[in-house]
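Understanding the architecture of this molecule
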Amino acid sequence: AQTVTQSQPEMSVQEAETVTLSCTYDTSESDYYLFWYKQPPSRQMILVIRQEAYKQQNATENRFSVNFQKAAKSFSLKISDSQLGDAAMYFCAYRSTNYGGSQGNLIFGKGTKLSVKP
Amino acid sequence: SAVISQKPSRDICQRGTSLTIQCQVDSQVTMMFWYRQQPGQSLTLIATANQGSEATYESGFVIDKFPISRPNLTFSTLTVSNMSPEDSSIYLCSVESFGYGYTFGSGTRLTVV
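Reference entry: report on the structure contained in this document. Predicted, not measured: the structure shown is a model, and the values here were computed from it.

It is worth spelling out the sheet that holds strand E3 (residues 19-25) of chain B at this point. All names here are of chain B. Pairing in this open sheet of 4 strands is antiparallel, and the strands run E1-E3-E8-E7 from one edge to the other. Taken across any chain shown, the strands that pair with only one partner, and hence form the sheet edges, are strand E1 (4-7) and strand E7 (68-72). Recorded for the sheet is a direction-independent mean angle of 15 degrees between the axes of neighbouring strands. Pairing between E7 and strand E8 (residues 75-80): 3 bridges, direction antiparallel. Its bridge partner lying in E8, Ile-68 is registered against Leu-78.

What follows is about the packing of aromatic side chains. A full pass over the atoms with the stated rule returns 16 aromatic pairs over all chains. Where Phe35(A) meets Tyr102(B), the ring centres are 5.8 Å apart and the plane angle is 85 degrees; that geometry is what we call edge-to-face. Of this pair, Phe35(A) sits in strand E5 (residues 32-39) while Tyr102(B) sits in strand E10 (residues 101-104), placing the two residues on different chains. Seen in terms of ring centroids, Trp36(A) and Phe75(A) are 6.3 Å apart; in terms of plane orientation they differ by 20 degrees. Their pairing is stacked. Placement of Trp36(A) in strand E5 and of Phe75(A) in strand E9 (residues 74-79) is noted, with a sequence separation of 39 residues between them. We classify Trp36(A) as buried; its relative accessible area is 0%. An aromatic cluster is present here, built from Phe35(A), Tyr37(A), Phe91(A), Phe108(A), Phe33(B), Tyr35(B), Tyr102(B) and Phe104(B) joined pairwise through their rings.

This brings us to the nonpolar core. All names here are of chain B. Core analysis: the biggest nonpolar cluster contains 26 residues, and Trp-34, Ile-46, Phe-66, Ile-68, Leu-78, Tyr-91 and Leu-110 have the highest contact counts within it. Contributions of two or more residues to this core are made by E3, strand E4 (31-37), strand E5 (43-50), E8, strand E9 (89-97) and strand E11 (108-112). Here this core gets 4 residues from one element, more than from any other, and that element is E3. For Phe-66, the contacting residues outside a window of four places in its chain are Arg-36, Ile-46, Tyr-57, Phe-61, Leu-78, Thr-79, Val-80, Asp-87 and Tyr-91.

Phi is mostly negative for residues that are not glycine, and the peptide bonds are mostly trans. For the bond from Lys7(B) to Pro8(B), the omega torsion is 0 degrees, close enough to zero to count as cis. Locating Pro8(B) in the fold gives a position in the loop between E1 and strand E2 (10-13). Although it is not a glycine, Ala16(A) sits at a positive phi angle of roughly 80 degrees. The phi torsion at Asp81(A) lies on the positive side, around 50 degrees, for a residue other than glycine. Mapped onto the fold, Asp81(A) is located in the loop between E9 and strand E10 (88-96).

The rules behind these values
- Residues numbered from 1 in each chain as written.
- Chains lettered and ligands numbered in written order.
- Predicted model: local features only at pLDDT ≥ 70, side-chain atom pairs only at ≥ 80, totals over all residues.
- Heavy atoms only, no water.
- Pairing = 2+ DSSP bridges.
- Helix = DSSP H or I, 4+ residues; strand = E, 2+ residues; numbered from the N terminus.
- Axes fitted to C-alpha atoms, helices over the stretch in contact; angles between N-to-C directions.
- Phe/Tyr/Trp six-rings, centres within 6.5 Å; stacked < 30°, edge-to-face > 60°.
- Buried < 20%, exposed > 50% of the residue type's maximum accessible area, 1.4 Å probe, protein only.
- Core = buried A, V, L, I, M, F, W, Y, C linked by side-chain atoms within 4.5 Å.
- Contact = heavy atoms within 4.5 Å.

Any functional reading would require information that these geometric values do not contain.
This is how it looks when you write it as structure tokens:
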């Protein structure tokens, strides 16, 4: 079974600075999807960025980018120019490419709570 | 991406009662997922709901406690039955939008007293 590990329960960053959130995963599959989700206090889950495992190029979305190391099974999220609105829980998630039953669901890490200091 | 309307957004319920949570999607989707998020925790999959078939439950979750309805491709309900304080959590539904990722409902914050 696949697992996702986020080893940093909490992180803090100064406004306008850069922070990196760590995520590692375990799988025997060669093709899969990885995601970062943001959950502010409103509890709405917001997709930050996604990565297809077959793509070597790291995904980027404005101030958010990932460092995807497939061999190391690592998928870290870098937030540049941090803003107060970035403060939230961040979840790393894995999705198998298999369909059927519950195989299409996301497997989540425990999350990292990010605080942004003004 | 799909848009999901989930309700109620929150409720406070007496132990022993049941609550039904609804999710309405603005497009047809094959699978809908129901998650539970206990206070300060991550999301745990309860079950996957396919239209026209029985839901598939994850280990630790049973149909008698969390019955799911999936009458069509845009709607699903999750009922939390015979509630106890341990059921106090956020419940979220989710669907996959092809080429995008997963969209979540806004969640239902349930408190059982």
